[in-house]
Amino acid sequence: MTHVNSLPVLGVALTLEDLEGVEGLRDFVFAADRDVELRDFIPVDALGRDWREIGRRGRRAFAGHRGRIGIHGPYEGLMVDTPDPEVRAIVQRRFLAALDGLAEMAEGREAAHMVLHSPYTTWHSHNRGTEWDDTEGIRARTHAVLAPVVARAEALGVTLVFENCEDMDPAERVALAASFDTGAVAVSLDTGHAHYAHGVTGAPPVDAFVRAAGARLAHVHVQDADGWGDRHWQIGRGNIPWHAVFAALAALPEMPRLILELADVRGAPASARWLEGQGLAR
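Residues numbered from 1 in each chain as written. Predicted model: local features only at pLDDT ≥ 70, side-chain atom pairs only at ≥ 80, totals over all residues. Heavy atoms only, no water.

Chemist: Can you help me understand the nonpolar core in this one?
Modeler: Note on soluble globular proteins: their nonpolar side chains tend to be buried together. Counting 79 residues, the largest nonpolar core has Phe62 and Met114 as its most contacted members. Here the element with the most residues in this core is helix H4 (residues 85-105); it accounts for seven residues. The residues contacting Met114, other than those within four sequence positions of it, are Ile71, Gly73, Phe95, Ala98, Leu99, Val149, Val158, Thr159, Leu160 and Val161. (Core = buried A, V, L, I, M, F, W, Y, C linked by side-chain atoms within 4.5 Å. Buried < 20%, exposed > 50% of the residue type's maximum accessible area, 1.4 Å probe, protein only. Helix = DSSP H or I, 4+ residues; strand = E, 2+ residues; numbered from the N terminus. Contact = heavy atoms within 4.5 Å.)

Chemist: I keep staring at the packing of helix H9 (residues 206-213) against helix H10 (residues 242-250) and nothing clicks. Help me out?
Modeler: How two helices sit against one another is set out by the angle between their axes and by the gap between those axes. The geometry of H9 relative to H10 is characterised by a closest axis approach of 8 Å and an angle of 10° between their N-to-C directions. Accordingly, the angle class assigned to the pair H9 and H10 is roughly parallel. Contacts from Val206, Asp207, Val210 and Arg211 of H9 reach H10 at Ala244, Val245, Ala248 and Leu249. (Axes fitted to C-alpha atoms, helices over the stretch in contact; angles between N-to-C directions. Parallel < 35°, antiparallel > 145°, perpendicular 65-115°, else oblique.)

Chemist: What exactly am I supposed to notice about the environment of Met79 here?
Modeler: Here Met79 shows up in the loop between strand S3 (69-72) and H4. The exposure class of Met79 is partly exposed, given its relative accessible area of 46%. Linking Met79 and Ser118, residues 39 residues apart in sequence, is a C-alpha distance of 8.7 Å.

Chemist: I'm lost on the pattern of salt bridges in this one. Help?
Modeler: Oppositely charged side chains can form a pair if their charged atoms are brought close together. If you walk through the whole model with that rule in mind, you get 17 salt bridges. With its nearest N and O atoms 3.1 Å apart, the salt bridge here joins Glu53 to Arg56. One end of the pair, Glu53, and the other, Arg56, are both in helix H3 (residues 51-61), three residues apart, so they sit about a helical turn from each other. Exposure remark for Glu53: the relative accessible area of 33% places this residue in the partly exposed category. By relative accessible area, which is 27% here, Arg56 ends up partly exposed. For Arg60, the salt bridge is made with Glu53, and the minimal N-O distance between the two is 3.5 Å. (Salt bridge = Lys/Arg side-chain N within 4 Å of Asp/Glu carboxyl O.)

Chemist: Where do I start with the sheet that holds strand S6 (residues 185-190) in this structure?
Modeler: The strands that make up a sheet pair up through hydrogen bonds in the backbone, lying either parallel or antiparallel. Spatially, the eight strands close up into a barrel ordered S1-S2-S3-S4-S5-S6-S7-S8, and their pairing is parallel. Pairwise comparison of adjacent strand axes, ignoring direction, gives a mean angle of 30° for this sheet. Note that strand S4 (residues 111-117) and strand S5 (residues 159-163) share five bridges and pair parallel. Bridge pairing in S5 links His113 to Thr159. Docked against the sheet, helix H7 (residues 170-179) engages S5 and S6, running at close to 160° with respect to S6. (Pairing = 2+ DSSP bridges.)

Chemist: In this structure, what is going on with unusual backbone geometry? I would like to understand it.
Modeler: Trans peptide bonds make up the majority, and among non-glycine residues the majority have a negative phi. The phi dihedral of Asp33 falls on the positive side, at around 45°, and the residue is not glycine. Relative to the elements of secondary structure, Asp33 occurs in the loop between helix H2 (25-31) and strand S2 (36-38). Its identity is not glycine, yet His232 carries a phi of approximately 55°, on the positive side.

Chemist: Which parts of the structure should I look at to understand the packing of H4 against helix H6 (residues 135-156)?
Modeler: The interhelical angle for the contact between H4 and H6, taken along N-to-C directions, is 15°, at an axis separation of 9 Å. Taken together, the axes of H4 and H6 are roughly parallel relative to one another. As for the relative orientation of H4 and H6, their crossing is right-handed in sense. Contacts between H4 and H6 involve Arg88, Val91, Gln92, Phe95, Leu96, Leu99, Asp100 and Ala103 on the former and, on the latter, Ala144, Val145, Leu146, Pro148, Val149, Arg152, Ala153 and Leu156. Of the residues belonging to the contact of H4 with H6, the class tally is twelve nonpolar, one polar and three charged. (Left-handed = near helix turned anticlockwise from the far one by under 90°. Nonpolar A, V, L, I, M, F, W, Y, C, P; charged D, E, K, R; others polar.)

Below, the structure is given as structure tokens:
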């Protein structure tokens with residue numbers, strides 16, 4: 001078994017309310033300076049607020065914390081490849097506001113990442129090679145939407161990471177990220193989403209998603225699932241083959257950020273203990 005001190009340290013996705021209200025969570029995060037991913041920028045009702053105030057509140061909450069800080073960007077109703085120019089302007093404003101909030105929160109320290117959802121759907125995958133194949137259109141529209149967002153991320157030192165949702169071909173997001181030709185765009189992997197795609201749509205297994213991403217994999221949402229739905233279960237309660245996943249991660253040139261993203265954040269410490277018991281992470 002790998003010595004505990006050499007194991008990768010898990011981060012956690014949470015809200016400020018979680019950090020302030022869930023017993024033991026603050027100690028879990030601060031004691032190991034775990035990477036954090038703030039989820040306060042996701043809700044639709046947050047979009048009309050002053051996002052910088054969310055950032056300022058976050059900066060106060062994480063005072064003394066030395067891990068990396070990232071956020072999950074907004075996504076509800078916000079397609080990264082929207083074809084409508086008027087809607088595109090709204091999507092751009094939301095993403096830019098989220099980056100401003102992240103910069104406010106991470107003032108004076110590393111603002112690590114912002115998660116964006118993949119534009120690839122099951123419908124797209126099943127229509128590859130047909131008259132409805134929209135591969136080039138998806139790429140062109142995503143570039144049109146994200147051009148100012150990528151520029152802002154580059155200026156702030158933030159990495160935008162494309163998270164798989166319905167993706168069946170793990171190489172598509174990698175090619176999309178590479179097409180921006182900048183270190184400010186990389187790839188994320190959600191283990192539960194990949195396991196769902198494998199079980200329901202015939203996509204490759206989770207470890208194949210890791211290998212396909214290779215050096216462009218900068219971020220992982222670690223959640224357990226059953227291969228049927230998007231469960232976000234505590235680690236150890238599903239049937240993801242974690243040893244295969246972590247073997248693939250260990251073969252990468254650099255370990256990506258590992259962020260526990262659970263339906264119930266109270267399960268984060270137990271998830272870390274379970275993975276530590278397997279000699280995989282802590």
